[in-house]
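# Observations on chain architecture
Chain residues, written in single-letter form:
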Amino acid sequence: MSASEDVDAPAGSRGRRLDIPKSGPLDGAGQPGGARTAREARAHLHIAVGPARLCAEPAPYPLPEGPVPREELDRLRRLYRTVPGYAAMRDHLRRTGLLALCGEPGTGRAWTGLALLAELSELAGGGVSRLGSGIPHGLGIPHLSGLPLGSGIPYGHGIPYGPGIPDGSGTPLETGIPHGSGIPHGASGVEKTERGHGYLLELPPDQPDFAIEPLLDRLRAHFAGHEAFCVVLVAGGPAADRLLGGRRHAVPYEPPAAADVLDRHLIELLADRPTGLLETARATAWRPELAEALGLDEPRPGEAARLAGLLAAHAEGRLSEERLLEHCRSFAPDQARAWFLETGRPGALPAALPALRAAALRIALAVFNGSAHSLMAEAAELLAWELAVTLDPQYAPGRPLFAARPGASLATARAVHGDGVEDLGDASVPVRAVWFEGRRLAPAVLHESWDAHHNLRGPMARWLRGLCDDPRPQVWVRAAVAAGVLCARDYLYGLVELALPLARTDSPVQRMAAATALAEASRAPGVRPAVNGLLRDWARGDDERERETAALAHGYGLAAGSIVASLEELGRIACADDGRITSYSVLRLLAGTEPETVLAALTRWLRDTRRPRRDLALLTVLRAVTTRTSHLWGLCEVPELEPYAAWPLATAVLAAHPGCAPRLAELLRAALTWARSAGAAEDALVGWIRRAAGDERQLTVLCGFLPRLAQDGDEPLDAAAATRIREVLEAL
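Residues numbered from 1 in each chain as written. Predicted model: local features only at pLDDT ≥ 70, side-chain atom pairs only at ≥ 80, totals over all residues. Heavy atoms only, no water.

## Some points on the overall build of the chain
In plain terms, the rule: Under the DSSP-based scheme used, a helix requires at least four consecutive residues in state H or I and a strand at least two consecutive residues in state E, with every element numbered from the N terminus. Burial classes: relative accessible area under 20% of the type maximum marks a residue as buried, over 50% as exposed, and values in between as partly exposed (1.4 Å probe, protein chains only). Any two residues whose heavy atoms approach within 4.5 Å at even a single point are treated as in contact. Using a 1.4 Å probe, the Shrake-Rupley method yields the accessible areas, and only the shown protein chains count as cover for residues.
For the chain, the helix and strand inventory stands at 31 helices and ten strands. Every one of the 732 residues in the chain was classed for burial, and the buried ones make up 55%. Taking contacts inside the chain between residues at least 6 apart in sequence as the whole, the part at least 24 apart equals 74%. Just so you have it, the chain exposes about 30500 Å², and 53% of that area is on carbon and sulfur atoms.

What follows is the structure, encoded as structure tokens:
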């Protein structure tokens, strides 16, 4: 180390003074609260999602269209569990001839409807038939006039078979309407309404809400006039909200307990098998590894019935343990796939807007799972706008100001709300939090939307980039982690549409988000070399924004493959950096999983002949005594520092890793005795000790550490250095 560098000159000598940066790379934005947000984002999205297509497409309905066979009704009576409010439903259906059950697919609405119809039609001597999605031609329902074309209300024969079918375009029985569309054909169809008969009808999910009540009025009059019964299934959404608000035709459907459904089906499946198999299946259903594989808080009745079949096959030895868990891991992806298949049916605005809002809500919830409801809801509205203008650039959708049934939209996404907290750094505030009813649903929704629906990627990428410019860490951190997860699934697309646009903006928050996304993407072993190469090129290039992004990305210690490699890259970048960004990234590494490795590198840099590296070491150690630990969050868990999150990092490292004390003392001694850093070090040390004075635990840690500053290993410092340090301590 040359004398001309003035590093060993007395403190009072002249030279360029090193000053501690007053803020991080975000100018104060994005540090408080980022630790908790990053931890929750990782917890919700770092879950391996099972295969989404283990078996053939499930049948859309539990029973085929047309008359329900007697043996099927007998099986239903054996298995059916009465739901809350069943008696009131039966009385309403007997009195009016029509009942609308509003609830989500897979919750057992169809079985409840069939049970109600079977009970009443048996008393009347009739049978039960299941109709398709929409009302089939041939029931003799009269024409309903006075409503606009394309409303989903019938013309001609008065039979609605889906919205947007204008008068004169043909009937469902004409050619051009494919089989499988929900319209009965041939012998399987129902030609007329029979007296005393029961009919189960499911309305299309895209039925316009304003058309629902007039339609059900006419249906009720029709079936009551024929002394027949009809149960109409209505999926959650605007149409269901309107019906439930009217309180004339509809009741909200509450599914039976999944445990009861599961047990009934197990008894049915294993009734003629040895007794021990039933107990084996029941015991397997309660095993923690099976619950973890399912990743659902409570399966819906349809899922419970499917699970019962798997458990029975496993108990009989027809399904291995590995395959059982593999099938269980497919439940959440199957739910996500079903949701997006429903969303894809309406093809144009404004009819498609409710479905787009539902899809946006689920995707936003996947990114903001567990966060404040207000953050998630605003993000969902922003995404709904992006989806709508992508589908129809000429259509500018507004926002509904009032909800017909507050909270109903969460039920359509299998989500609930409750009390939660959001971390603001120095304090936490209570919030109304929202989360999926199942830990595997968030990654399943995010992966399904990105992998299976290419045209969703554009609006999703624009949406995430916009969120990454929000100064609140509760927003941009979650968006950046989600962007990294998606980049890892398709790096070529994610790089161009997410990482590069974020890195090349003038927004420091977006550049930090780009660094976070690239670090997150580099968790994938197949992507890490590409990310590392990109950051290496940026670090050696002339673009200051890209160089800064590379320095920030290496602060997570992931992209280069190891902490040592990340430190080497930061040491190189320091030559073209004033230390503000690189010292912050080294500090984040010090708050990570290998503080000993970082301190060893700082000590080595302190003895380096290159001034930028020495300055980097000095700035890092000075920031360590002035920066709160919770402001230095990363993308890896560091549980040993969590009890000390409110402490300065240096104190937290000393408390959690006492073996780091000698190297940290050597670095602080150098900062206190070298001319260029002495003034800043004295100020930092004074502030460090004063902050500890109000906390007995911190004070104990410092009292055990500070004597080390007065000696160099086993040798005491020279008299002048010891006197200076003693003067600093006495000044407090």
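Having seen the structure, we can now continue with the description.
## Description of the pattern of salt bridges
Here the idea is simple: oppositely charged side chains can pair when their charged atoms come close. Selection rule: Every case where a carboxyl oxygen of Asp or Glu lies within 4 Å of a side-chain nitrogen of Lys or Arg is listed as a salt bridge.
This model, assessed by the stated rule, comprises 49 salt bridges. Where R323 meets E326, a salt bridge forms, and the shortest distance between an N and an O atom there is 3.1 Å. Remark: E326 and R323 occur in helix α11 (residues 321-329); sequence separation between them is three residues, near one turn of the helix. Here R323 falls in the partly exposed class, since its relative accessible area comes to 34%. R472 is the salt-bridge partner of D470, the closest N and O atoms lying 2.8 Å from each other. Residue class for D470 comes out buried when judged on its relative accessible area of 16%. Counted as one network, the salt bridges with shared partners bring together R90, D91, R94 and E119.

## Examining the packing of aromatic side chains
Rules: Whether two aromatic rings pair depends on their centres lying within 6.5 Å, for rings of Phe, Tyr and Trp, where Trp uses its six-membered ring; planes under 30 degrees apart make the pair stacked, over 60 edge-to-face, and the rest tilted. Charge-over-ring placement is defined geometrically: NZ (Lys) or CZ (Arg) within 6 Å of the ring centre, and within 35 degrees of the ring normal.
This structure, assessed with the given rule, holds eight aromatic pairs. Seen in terms of ring centroids, Y199 and F223 are 5.6 Å apart; in terms of plane orientation they differ by 40°. Their pairing is tilted. Remark: F223 occurs in helix α5 (residues 209-225) and Y199 occurs in strand β4 (residues 198-202); sequence separation between them is 24 residues. Residue class for F223 comes out buried when judged on its relative accessible area of 1%. Through pairs of rings, three or more aromatic residues link up here, namely W476, Y556 and W633. When the ring centre of Y493 is taken as origin, the NZ or CZ atom of R457, which lies over that ring, is 5.1 Å away. For the cation-ring pair, R588 lies above W633, with the distance from its terminal atom to the ring centre recorded as 4.6 Å.

## A look at the nonpolar core
Heads up, the condition is: What is meant by a nonpolar core is a set of buried Ala, Val, Leu, Ile, Met, Phe, Trp, Tyr and Cys residues, joined one to another through side-chain atoms within 4.5 Å.
Counting 179 residues, the largest nonpolar core has W463 and F705 as its most contacted members. Tallying contributions element by element places helix α18 (residues 473-489) first for this core, with eleven residues. W463 has contacts with I363, A364, V367, F368, A379, L382, L383 and E386, leaving out every residue within four places of it along the chain. Counting residues in hydrophobic clusters, the runner-up holds 25 residues, among them L73, L76, L79 and L233.

## Comments concerning unusual backbone geometry
In this chain, L349 is followed by P350 through a cis amide linkage whose omega measures 5°. Tracing the backbone shows P350 in the loop between α12 (331-343) and α13 (353-367). Here E227, not a glycine, exhibits a phi torsion of approximately 50°, which is positive. Counting through the fold element by element, E227 comes out in the loop between α5 and β5 (229-234). The backbone of R414 shows a phi angle near 55°, a positive value even though the residue is not glycine. Along the chain, R414 falls in the loop between α15 (408-412) and β7 (415-423).

## Details of the packing of helix α19 (residues 491-503) against helix α21 (residues 528-540)
Inclusion rule: For helices, the axis comes from a line fit to the C-alpha atoms of the stretch in contact; other axes are also lines fit to C-alpha atoms, and the angle between any two N-to-C directions lies between 0 and 180 degrees. Convention used here: angles under 35 degrees read as roughly parallel, angles over 145 as roughly antiparallel, angles from 65 to 115 as roughly perpendicular, and any remaining angle as oblique. Two helices that cross are described as forming a left-handed crossing if the nearer one is turned anticlockwise from the farther one by less than a right angle, and a right-handed crossing if clockwise. Note that Gly is not counted as nonpolar here; it falls among the polar residues with everything else outside the nonpolar set of Ala, Val, Leu, Ile, Met, Phe, Trp, Tyr, Cys and Pro and the charged set of Asp, Glu, Lys and Arg.
Put simply, α19 and α21 touch, their axes get as near as 13 Å, and they point 30° apart. The orientation of α19 with respect to α21, classified from their angle, is roughly parallel. The chirality of how α19 crosses α21 is right-handed. Contact residues: α19 offers Y491, L495, L500 and A503, while α21 offers A530, V531, L534 and W538. Residue classes in the contact of α19 with α21 are distributed as eight nonpolar, no polar and no charged.

## With respect to the pairing of strand β8 (residues 428-436)
Put simply, the rule is: A pair of strands is considered paired only if DSSP assigns at least 2 bridges between the two.
Pairing of β7 with β8 involves nine bridges; the strand directions are antiparallel. When the sheet's bridge partners are listed, D423 is paired in β8 with S428.

## Brief notes about the environment of L441
In this structure, L441 sits in helix α16 (residues 441-451). Judged by relative accessible area, L441 falls into the buried class, the value being 0%. If we ignore the near neighbours within four places in the chain, the residues touching L441 are L296, A332, Q335, W339, R414 and F436.

## Observations regarding the environment of D423
Looking at where D423 falls in the secondary structure, it is placed in strand β7. For D423 and R36, which are 387 residues apart along the polypeptide, the C-alpha to C-alpha distance reads 6.4 Å.

## Details of the side chain of S585
One can find S585 in helix α24 (residues 580-590). With near-sequence residues (within four places) excluded, S585 lies in contact with A551, L552, G555 and L570.

## What to know about α19
Quick reminder of the rule: Multiply 1.5 Å by the residue count of a helix minus one, and that product is the helix's expected span. We define the bend at any residue as the angle between the axes fitted to the seven residues before and including it, ending there, and the seven starting there.
Between its first and last C-alpha, α19 extends only 15 Å over 13 residues, short of the 18 Å set by a 1.5 Å rise per residue. Approximately 25° is the largest bend angle found in α19, and it occurs at E497, with the proline P501 only one to four residues beyond. Of the residues making up α19, those classed as buried are Y491, Y493, G494, L495, L498, A499, L500, L502 and A503. Tucked into the core, α19 has its buried residues touching α16, α17 (457-467), α18, α20 (508-521), α21 and α22 (544-554).

## Brief notes about the environment of L467
Within the element layout of this structure, L467 appears in helix α17. It is 9.0 Å that separates the C-alpha atoms of L467 and V477, two residues lying ten residues apart in sequence. Ignoring any residue separated from it by four or fewer positions in sequence, one finds L467 in contact with F368, A379, L382, V475, W476 and A479.

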